[in-house]
Amino acid sequence: MPKLNENYLNLKENYLFAEVNHRVRDYSAAHPDKKIIRLGIGDVTLPIGSEMIEQLHEGVDAMASSETFKGYGPEQGYEFLRNAIVDYYKRNGVSVAAEEIFVSDGAKSDTGNITDIFDKDNIVLIPDPVYPVYVDTNTMNGRNITFIDANAENNFLPMPDHSKHVDIIYICSPNNPTGAAYNHEQLKEWVDYALENDAIILYDSAYECFITDPSLPRSIFAIEGAKKCAIEFCSLSKTAGFTGTRCGYTVVPKDLKYATSNGGELSINAMWNRRQTTKFNGVSYIVQKGAAAAFSPEGMAQCKENIKYYQENAKIIASTMDKMGIRYFGGVNSPYIWFECPKGMESWEFFDYMLDKIQVVGTPGAGFGNNGKYFFRLTAFGNRENTIEAMKRFETLL
Ligand code: MLT
């Protein structure tokens, strides 16, 4: 009989968004006449821009002729895409090298898979609330997690406790689920803390394209010293509408090296390369063609149009919260609005209440951690008509 990874016993029965889907499916089966509006999972609704679509088509056509056909590609991603990403960083004032970029099928996989290169015995610091992938994947590996409180008192932007040592630090900014975004000074404090503690920061910047405040950093590598203590995960899911198409990238600096127990040193870039070349055969050429187009001036302009549309949705949701006197966070440099559940309700209770009364689906804060127990997340990724309709219904809720 195989011995199972019983760390799985320590997970909740369902992944957060699977649980939300179950509940919605049950409600829908019992009330087939009701029109449900989904503002739960952060899934885009607008079609992909024509620049990207054209290149996706070109990628398909390349497969039809022996001159242009592609088999296995480089596991790290095609050079044309890695160079396009280097350029994108450059335009944002950050210098990274093509060999530091690893193209993947998305930030979710990479933030989960990165746990492969770390020993079980690390002190892992994860903010609460947080994107559940960080917690679940470390739990699967049997790691103990130390949580750091993100709450209304610290504007959901917790800062390091200099009296305590940790080895691995997860940061997501702009944050999923709270929408809070660190400024330069705050991130510098995290980088300094990591350097002092010989720790590593796993920085999820999947929502950087939503930053509107030009003073906010869009990458951890905009911070001095970060190349010696951080990995950055990013994605085209929200930037280019690739949630279904799947493409992301992880930046692993060459300077990132840590001591080994035999007195040597290991490069994190080399370890990640070893991990990826062993377990991953790369993203399809077709998808990478489309992804590269997102970084061209024309492609990026189309991406920005879509992002503007979602930002307008965020404003519609935020203004409803204002009107109703509900305290909320996010919605400005982020597609998420994180608000306090009305009437002191707990978040799963509010989820059921909202579904039952107005047939609007959101994501209960408790699904992101204990500090989300009385909070709720709505996404701006719905279509305009549904967002307006959902907010009209919301106004009748209380
Ligand atoms: C979310 O709703 O939190 C995101 O869509 C999840 C993800 O990007 O995987």
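Residues numbered from 1 in each chain as written. Predicted model: local features only at pLDDT ≥ 70, side-chain atom pairs only at ≥ 80, totals over all residues. Heavy atoms only, no water.

**Side note on the site of the ligand**
What counts is decided by this rule: The nearness test applies per residue and asks whether one of its heavy atoms lies within 4 Å of the molecule or strand. N or O atoms within 3.5 Å of each other form a polar contact, as long as, within protein, one can give a hydrogen and the other can take it, and as long as residues adjacent in sequence are counted only when both atoms are side-chain atoms. Only the protein chains shown count as cover for residues, and the accessible areas themselves come from Shrake-Rupley with a 1.4 Å probe.
Near the ligand, the surroundings consist of Phe-17, Ile-41, Gly-42, Lys-108, Tyr-131, Asn-176, Tyr-207, Lys-238, Tyr-336 and Arg-377. The separation between an oxygen atom of the ligand and a polar side-chain atom of Asn-176 is 2.8 Å. Residue Lys-238 places a side-chain N or O atom 3.0 Å away from an oxygen atom belonging to the ligand. In the complex, the protein chains occlude 84% of the 270 Å² of accessible area that the ligand would expose alone.

**Things to note about the sheet that holds strand β7 (residues 230-235)**
Our working definition: The pairing criterion for strands is at least two bridges between them, as found by DSSP. Here a helix means four or more residues in a row that DSSP labels H or I, a strand means two or more in a row labelled E, and each is numbered from the N terminus. Orientation is described by lines fitted to C-alpha atoms, with helices fitted over the stretch in contact, and by angles between N-to-C directions that extend from 0 to 180 degrees. In this description, contact between two residues means that some pair of their heavy atoms is separated by no more than 4.5 Å.
Strand order in this open sheet of seven strands is β2-β8-β7-β6-β5-β3-β4, and the pairing throughout is mixed. Bordering the open sheet on either side are β2 (101-104) and β4 (145-149), each of which pairs with just one other strand. Neighbour-to-neighbour, the strand axes of this sheet turn through a mean angle of 25 degrees, independent of strand direction. Sheet analysis places strand β6 (residues 200-204) next to β7, joined by four bridges and oriented parallel. Bridge pairing links Asp-204 to Phe-233 in β7. Against the sheet, helix α3 (residues 79-91) engages β2, β7 and β8 (248-251), with an angle of about 115 degrees to β2.

**Some details on the packing of aromatic side chains**
The condition that has to hold: Centres within 6.5 Å make a pair out of two Phe, Tyr or Trp rings, where for Trp the six-membered ring is used; the pair is then stacked when the planes are under 30 degrees apart, edge-to-face when over 60, and tilted otherwise. We call a residue buried when its accessible area falls under 20% of the maximum for its residue type, exposed when it is over 50%, and partly exposed in between, using a 1.4 Å probe and counting protein chains only. Two conditions define a charge sitting above a ring: the NZ of Lys or the CZ of Arg must be within 6 Å of the ring centre, and it must be within 35 degrees of the ring normal.
Under the counting rule described, the total for this entry stands at 29 aromatic pairs. Seen from their ring centres, Trp-338 and Phe-368 are 6.0 Å apart, and the 75 degrees between their planes marks the pair as edge-to-face. You can see Trp-338 sitting in strand β12 (residues 336-340) and its partner Phe-368 sitting in the loop between β14 (363-364) and β15 (375-379), a full 30 residues away along the chain. The exposure class of Trp-338 is buried, given its relative accessible area of 0%. The class for Phe-368 is buried, based on a relative accessible area of 4%. Consider the rings of Phe-350 and Phe-376, whose centres lie 5.0 Å apart with planes at 90 degrees: the pair is edge-to-face. In this pair, Phe-350 is assigned in helix α11 (residues 347-358) and Phe-376 in strand β15, connecting sequence segments 26 residues apart. In this structure, Phe-350 and Phe-376 share a single accessibility class: buried. Through a chain of ring-to-ring contacts, the aromatic side chains of Tyr-15, Phe-17, Phe-156, Phe-329, Trp-338, Phe-368 and Phe-375 assemble into a single cluster. The positively charged end of Arg-377 is found above the aromatic ring belonging to Tyr-336, 3.8 Å away from the centroid. We note Arg-384 situated over the ring of Tyr-309; from NZ or CZ to the ring centre the distance is 4.4 Å.

**Here we look at the pairing of strand β5 (residues 168-172)**
Extensive coverage of β5 is indicated by the burial of five of its five residues. Neither face of β5 is exposed, since Ile-168, Tyr-170 and Cys-172 on one face and Ile-169 and Ile-171 on the opposite face are all buried. Note that strand β3 (residues 124-128) and β5 share two bridges and pair parallel. Paired with Leu-125 across the two strands is Ile-169, which belongs to β5. Inspection of the sheet shows β5 paired to β6 by five bridges, in the parallel sense. Opposite Cys-172, over in β6, you have Asp-204 as the bridge partner.

**Some points on the side chain of Asp-110**
What counts, and what does not: Asp and Glu are treated as the negative residues and Lys and Arg as the positive ones, with His and the ends of the chain left uncounted. Salt bridges are identified by distance alone: a Lys or Arg side-chain nitrogen within 4 Å of an Asp or Glu carboxyl oxygen.
Within the element layout of this structure, Asp-110 appears in helix α4 (residues 107-113). Comment: no salt bridge for buried Asp-110; closest opposite-charge side chain is Arg-275, at 6.3 Å. Reaching out from Asp-110, the side chain makes a polar contact with the side chain of Ser-104 at a distance of 3.0 Å. Those residues within four positions of Asp-110 in sequence are excluded, and the remaining contacts are Phe-102, Ser-104, Phe-233, Tyr-249, Thr-250, Trp-272 and Gln-276.

**Remarks on the sheet that holds β12**
Pairing in this open sheet of four strands is antiparallel, and the strands run β11-β12-β15-β14 from one edge to the other. Two strands in the sheet have a free side with no partner beyond their single neighbour: β11 (328-330) and β14. Summarising the sheet, β12 and β15 pair through five bridges and their orientation is antiparallel. Bridged to Trp-338 within β15 is Arg-377. Helix-sheet contacts for helix α10 (residues 297-324) involve β11, β12 and β15, and the interaxial angle to β12 is about 15 degrees. Contacts from α11 reach β12, β14 and β15, with the element oriented near 50 degrees to β15.

**A few points about helix α1 (residues 16-30)**
Within an α-helix, residues lying three or four positions from one another point in the same direction, as the helix has 3.6 residues per turn. Selection criterion: An expected span of 1.5 Å times one less than the residue number is assigned to each helix. Throughout, the arc means the angular range of directions from the helix axis out to the C-beta atoms.
Here α1 spans 22 Å end to end across 15 residues, near enough to the 21 Å set by a 1.5 Å rise per residue. Where α1 is concerned, the buried positions are Leu-16, Phe-17, Val-20, Val-24 and Tyr-27. One side of α1 holds all its buried residues, which, seen down the axis, span an arc of 90 degrees. Pointing more than 90 degrees away from the buried face of α1 are the exposed residues Arg-25, Asp-26, Ala-29 and Ala-30. The elements touched by buried residues of α1 are β1 (37-38), α5 (132-140), α11, β13 (360-361), β14 and β15.

It is worth stressing that arrangement in space is one thing and function is another; only the former is reported here.
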